[in-house]
Amino acid sequence: MTIFHPTLQSLKQKLRIKAINTGKTFTHNGQANGIVFDDIERLHALVGIDGYLHFKSGTEFSMIEYRGQNEDFGVCKTTLDRYTSEQEQFLNICRTITFEELLEDHPFIKLARSLQIDDNPLSLNLTGIAQHYELATDYLDITNNFDVASFFATCKYENGKYYPIGNISKPGVIYKMYDIVLSPFLQDENKDILLEYLGWQPLPRPEQQRASVLKVAKDTNIDTVSSIQKYYFKHSVHQSKKIWNQFDKGEALFPQDSAAELANECKRLNSFTNKQIDKALERFEIWSGKKLVNKEQVLDNLNIEIIDNSTLSWNNLVDTSLEYWENKFHETISKVGYRMSF
């Protein structure tokens, strides 16, 4: 039986979601000699089985992820899978790859690539960053913060900004999933859904959104996954505005940065280098399991122009001083919590 909760607050109570950032300390299983931890949101260092260091954003032992939507669409697929034609999918892969190549040239990402902490390189996920700047990918956004999920469930994206929605008849949706079931850090490319902690990245959005991502195989609808639970709640103007204001009208989750400008340009691109096109063809084949036939005809149908070099760059958009970005990284490290394990 489907249960519709009258408010998000009542759903929050149903799910027994506790207040965070209170400064309270706890012990594992309530035992006096257990691991001591608190409920403060910060970055937490985790080393994956690949040896890369992830800075997970949020509370330390948050083992549940959420996803908020304005309504139940019946089918919950990735942004890439929502395009109905293979040619549209290919075009948007080209655009995402172009943005990823721009990210590779960002001075903060170049610095982060060169750094290691205790012999562990930093985990940088350029496709995950692209997903958070609205490029089409095979990822779905999720978060370990219930209130962040509530923002996306009660606010609507229009013309580059989020606005609170009103008393619409269709209920909103919160998805709930457990990390342990989705196996973060598991190297199993045969799974239809894989969880990855995104957390801190050299661009600000993922950290602010306490972000993780689900890497979802083509044609996979997470509504059909038995381990993912779905809850409904009734919308109201008061509720939406309260959550909207809680996150500074969206600015707390979407801080202004130059990457948004380049991402918007990439979303409209129809000119790519041969290298980008070939890379997109390869990615499309891996994702879809089949090749695009007649490459030249596809390029012609999409009015794609082949260029020698991309005209997009970070020139005049970001500080090029190495000292500036080193200071930024030191600020990041000061927010990271470490726990030794053996």
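None of these values were measured; they are calculated from a predicted model.

Draft legend 1. Representation of the overall build of the chain in the model. From N to C terminus, the chain includes twelve helices and 18 strands. Relative to the globule expectation of 20 Å for 342 residues, the C-alpha radius of gyration of the chain, 21 Å, shows essentially globular dimensions. Seen along its three principal axes, the alpha-carbon backbone of the chain occupies a region of about 65 × 50 × 40 Å. In the chain, which comprises 342 residues, the proportion classed as buried is 48%. For the chain, the proportion of contacts with a sequence separation of at least 24, taken over those separated by at least 6, is 75%. For the chain, the accessible area works out to roughly 18,100 Å², and carbon and sulfur atoms hold 48% of it. The distance from the centre of the 38 positive side-chain charges to the centre of the 46 negative ones in the chain is 9 Å.

Draft legend 2. Broad picture of the pattern of salt bridges. Evaluation of the coordinates by the stated rule reveals 20 salt bridges. Across the pair E71 and K170 runs a salt bridge whose closest N-O atoms are separated by 3.3 Å. With E71 in the loop between β6 (64-69) and α2 (86-104) and K170 in the loop between β11 (161-164) and β12 (172-178), this residue pair connects regions lying 99 residues apart in the sequence. We classify K170 as partly exposed; its relative accessible area is 47%.

Draft legend 3. Examining the packing of aromatic side chains more closely. By the definition in use, this model includes 18 aromatic pairs. A centroid spacing of 5.4 Å and a plane angle of 55 degrees characterise the contact between F151 and Y162, whose relative ring orientation is tilted. A residue pair is termed long-range when its members are at least 10 positions apart, and F151 in helix α5 (residues 146-154) and Y162 in strand β11 qualify at eleven residues. For the pair F151 and Y162, a shared accessibility class is recorded, and that class is buried. Here F152 and Y162 contribute two aromatic rings whose centre-to-centre distance is 5.6 Å and whose plane-to-plane angle is 85 degrees, an arrangement assigned as edge-to-face. Of this pair, F152 sits in helix α5 while Y162 sits in strand β11; the two residues are ten residues apart in sequence, bridging distant segments of the chain. Lying across the ring of W287, K218 places its NZ or CZ 5.1 Å from the centre.

Draft legend 4. Expanded view of the pairing of strand β5 (residues 53-58). Buried residues dominate β5, accounting for six of its six residues. In β5, alternate side chains face the same way, and those of L53, F55 and S57 on one face and H54, K56 and G58 on the other are all buried. Bridge count between strand β4 (residues 42-47) and β5: six bridges; the pairing is antiparallel. Each residue of the ladder has a partner; that of L46, found in β5, is H54. Hairpin geometry of β4 and β5 is characterised by an intervening segment of five residues between the two adjacent antiparallel strands and by a positive phi of about 85 degrees at G51.

Draft legend 5. Spatial organisation of the state of the cysteines. Scanning the model with the defined rule gives zero disulfides in all. Free of any disulfide, C266 has its nearest cysteine sulfur in C94, 12 Å distant. Residue classification places C266 among the buried residues on the basis of a relative accessible area of 0%.

Draft legend 6. Local environment of the packing of α2 against helix α10 (residues 274-288). It is the contact of α2 with α10, at a shortest axis distance of 9 Å, that shows an interaxial angle of 120 degrees. The angle between the axes of α2 and α10 places the two elements in the oblique class. The two elements α2 and α10 meet at a crossing, and its hand is right-handed. Here E86, Q89, F90, I93, C94, T96, I97, T98, E100 and E101 of α2 lie close against α10, whose contacting residues are K275, Q276, I277, K279, A280, L281, R283, F284 and W287. Across the contact of α2 with α10, the residue classes break down as nine nonpolar, four polar and six charged.

Draft legend 7. Layout of the sheet that holds strand β18 (residues 336-337). Taken in spatial order, the three strands of this open sheet run β5-β4-β18, and their pairing is mixed. The strands lining the two open edges of the sheet, one partner per strand, are β5 and β18.

Draft legend 8. Structural view of the nonpolar core. Ranked by size, the top nonpolar core spans 50 residues in total, and within it F55, F90, F99, Y133 and W200 carry the most contacts. Top element by residues in this core is α2. It accounts for eight residues. With residues near it in sequence (within four places) discarded, F99 still touches A130, Y133, L135, A259, L262, A263 and C266. Counting residues in hydrophobic clusters, the runner-up holds 20 residues, among them L15, F151, I174 and L253.

Draft legend 9. Highlighting α5. With respect to burial, α5 is a largely interior element, eight of its nine residues being buried. F146, V148, A149, S150, F151, F152, A153 and T154 are the residues of α5 that are buried.

Draft legend 10. Quick peek at the packing of α2 against helix α9 (residues 258-266). Where α2 meets α9, the axes come as close as 9 Å, and the angle between the chain directions of the two elements is 150 degrees. On the basis of their axis angle, the class for α2 and α9 is roughly antiparallel. The way α2 lies across α9 gives a crossing that is right-handed. Along its contact with α2, which presents R95, T98, F99 and L102, the element α9 presents A259, L262, A263 and C266. Here the residues of the contact of α2 with α9 are counted per class, giving six nonpolar, one polar and one charged.

Cut-offs applied
- Residues numbered from 1 in each chain as written.
- Predicted model: local features only at pLDDT ≥ 70, side-chain atom pairs only at ≥ 80, totals over all residues.
- Heavy atoms only, no water.
- Helix = DSSP H or I, 4+ residues; strand = E, 2+ residues; numbered from the N terminus.
- Rg over C-alpha atoms; globule rule 2.2 N^0.38 Å.
- Buried < 20%, exposed > 50% of the residue type's maximum accessible area, 1.4 Å probe, protein only.
- Contact = heavy atoms within 4.5 Å.
- Areas by Shrake-Rupley, 256 points an atom, 1.4 Å probe, with all protein chains shown as cover.
- Lys, Arg positive; Asp, Glu negative; His and termini not counted.
- Charge placed at Lys NZ, Arg CZ, Asp CG, Glu CD.
- Salt bridge = Lys/Arg side-chain N within 4 Å of Asp/Glu carboxyl O.
- Phe/Tyr/Trp six-rings, centres within 6.5 Å; stacked < 30°, edge-to-face > 60°.
- Lys NZ or Arg CZ within 6 Å of the ring centre and 35° of its normal.
- Pairing = 2+ DSSP bridges.
- Disulfide = S-S within 2.5 Å.
- Axes fitted to C-alpha atoms, helices over the stretch in contact; angles between N-to-C directions.
- Parallel < 35°, antiparallel > 145°, perpendicular 65-115°, else oblique.
- Left-handed = near helix turned anticlockwise from the far one by under 90°.
- Nonpolar A, V, L, I, M, F, W, Y, C, P; charged D, E, K, R; others polar.
- Core = buried A, V, L, I, M, F, W, Y, C linked by side-chain atoms within 4.5 Å.

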